[in-house]
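What the coordinates show
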Amino acid sequence: MGKGKRIGILTSGGDCSGLNAAIRAVVHCANRKGWEVLGIRQATLGLMARPPQCIKLEIDQVDPLLTSGGTMLETTNKGDPFAFPMPDGSLRDRSEEIIAGYHQLGLDALIGIGGDGSLAILRRLAQKGGINLVGIPKTIDNDIGITEHAIGFDTAVNIATEALDRLHFTAASHSRVMILEVMGRDAGHIAIAAGIAGGADVILIPEIPYSLDRICDKIKERQEKGKNYCLIIVSEAVRTQQGQAVTIANRFGEFRYGGISQYLADQISARIGAETRVTVLGHIQRGGTASPLDRLVAAAFGVAAVDLIEKEKYDYMVTWQNRRVLAVPIAEAIAQYRSVNLEDTLVKTACGLGIYLGDFFC
Ligand code: F6P
């Protein structure tokens, strides 16, 4: 038995598959040490609320959630607590309320599961208010520095790959150019991984510029070989050939990436008359049951995070490196944005397969 710590856990930023598996692992591991785990609801909003909104997590509660998507604790990707949007339109620094919420709950430590943005905010709160923070990386974008895996990425790749598998048959049946738009924010990890796994002919990622003529050449080259269809996968942050970001704004004026696939479809069809169709996969990539690899990574991260707390090693994030879970300072991880590197094995693999990946020396 340990010293009877009370720890908090929260999920912050966009959800993804595998979050519940991580929460479950933390509860199991902490429970074996005789610790109490409080699940904070809706990320830092739960600590801002009075009384702080949390649930005491028991094994019976978390066990059935191993295969369920989303996060049982709910989350938010809005409202930086240091400039929190108030109903009157003003921005207020509410960091002290969150810090006070942590201390009111009598927590010895807090596990924050988040992407780089969330971890940066949590770290700032921790530094300001004496919060003993340990980070677990999650994001389908897989763009957090140092770690090879973030929770949610593998499931998103599986979903995008399955989408390509399905598009393959309908593309061939109708002699069409099918364009699949995937998420990933400013990194092309989902597109390149799913594109290779799903047999795409063209993979477009934000890290590599492309030319519409070369895409059309690839389609024509396939036609000359008797292949009447073409599969293209494109990351949402890929720009137009002129370098313009393609975004959609909602009625609140909030921008999200979206629409590059339709731009490409129109350009290709105008250039070579090919029949084109687009599929925008969207939040489907974040939903549903986590892949076995995501569950495995989530379990390993959950256990490692509890171990760090036992050693009172705070301000660290768990990472996956060469099949080992290693702790690195959160500051180092968030300082190193992880985009697709041109030296990456997947870049070399795509080149070796003859996939058009953009205009660079392949
Ligand atoms: O960061 C994860 C992510 O799914 C990105 O890939 C995507 O651009 C964004 O979040 C979508 O955000 P929202 O859920 O706010 O629409």
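Residues numbered from 1 in each chain as written. Predicted model: local features only at pLDDT ≥ 70, side-chain atom pairs only at ≥ 80, totals over all residues. Heavy atoms only, no water.

1. What about the domain arrangement of the chain?
Basically, it comes down to this: For the domains described, the bounds stem from an automatic or database domain assignment. Two residues form a contact once any of their heavy atoms are found within 4.5 Å. Buried area: the accessible area, evaluated with a 1.4 Å probe, that two parts lose upon being put together, summed over both parts. Every case where a carboxyl oxygen of Asp or Glu lies within 4 Å of a side-chain nitrogen of Lys or Arg is listed as a salt bridge. Pairs of N or O atoms are called polar contacts if they sit within 3.5 Å, as long as, within protein, a hydrogen donor faces a hydrogen acceptor (for residues adjacent in sequence, only side-chain-to-side-chain pairs).
The assigned domain composition of the chain is domain 1 (6-151 + 290-321) and domain 2 (157-286 + 342-352). Each partner contributes to the interface: domain 1 provides 11 residues, whereas domain 2 provides 11 residues. Buried surface at the junction of domain 1 and domain 2, summed over both partners, amounts to about 860 Å²; 48% is from carbon and sulfur atoms. Considering only the surface of domain 1 that becomes buried against domain 2, Asp-15, Ile-140 and Asp-141 emerge as the three largest contributors, covering 53% of it. Between domain 1 and domain 2 we count 1 salt bridge in total. Among the salt bridges present, the one from Arg-286 reaches Asp-15, with a minimum N-O distance of 3.0 Å. Scanning the region where domain 1 abuts domain 2 turns up 2 residue pairs in polar contact (both at pLDDT 80 or more).

2. Regarding the pattern of salt bridges
Put simply, the test is: Under the scheme used here, helices are H or I runs from DSSP no shorter than 4 residues and strands are E runs no shorter than 2 residues, and both carry numbers assigned from the N terminus. Each residue's exposure class comes from its accessible area (1.4 Å probe, protein chains only) as a fraction of the maximum for that residue type: buried when under 20%, exposed when over 50%, partly exposed otherwise.
The full count for this structure, using the stated rule, is 22 salt bridges. A salt bridge links Asp-201 to Arg-222, with the shortest nitrogen-to-oxygen separation between them at 2.9 Å. Placement of the pair is Asp-201 in the loop between helix H7 (189-197) and strand S9 (202-204) and Arg-222 in helix H8 (residues 212-224), with a sequence separation of 21 residues. Residue classification places Asp-201 among the buried residues on the basis of a relative accessible area of 10%. Its relative accessible area of 13% is what places Arg-222 among the buried residues. Taken together, the shared-partner salt bridges in this structure form one network comprising Lys-33, Asp-307 and Glu-310.

3. Looking at the state of the cysteines
This is how the line gets drawn: Cysteine sulfur pairs qualify as disulfides if the two atoms are within 2.5 Å.
One pass over the full model with this rule turns up 1 disulfide. Shown here is the disulfide that connects Cys-351 with Cys-362, its sulfur atoms set 1.9 Å apart. Taking the sign of the S-S torsion, -120° for the link of Cys-351 and Cys-362, the bridge is left-handed. One end of the pair, Cys-351, is in helix H12 (residues 345-352); the other, Cys-362, is in the segment after H12, with 11 residues separating them in the sequence.

4. Some remarks on the nonpolar core
So the rule is basically this: Buried residues of nine kinds, namely Ala, Val, Leu, Ile, Met, Phe, Trp, Tyr and Cys, make up a nonpolar core once their side-chain atoms join them within 4.5 Å.
Residues Ile-7, Ile-9, Ile-111, Ile-203 and Ile-233 are the most contacted members of the largest nonpolar core, which totals 67 residues. With 9 residues, helix H6 (residues 153-174) is the largest single contributor of residues to this core. A domain split of this core shows at least three residues from each of domain 1 (6-151 + 290-321) and domain 2 (157-286 + 342-352). Beyond its immediate stretch of four places on either side in the chain, Ile-111 contacts Ile-7, Gly-8, Ile-9, Leu-10, Val-26, Val-134, Ile-136, Ala-305, Val-306 and Ile-309. Listed in part, the 26 residues of the second largest apolar core include Leu-105, Leu-133, Ile-144 and Met-317.

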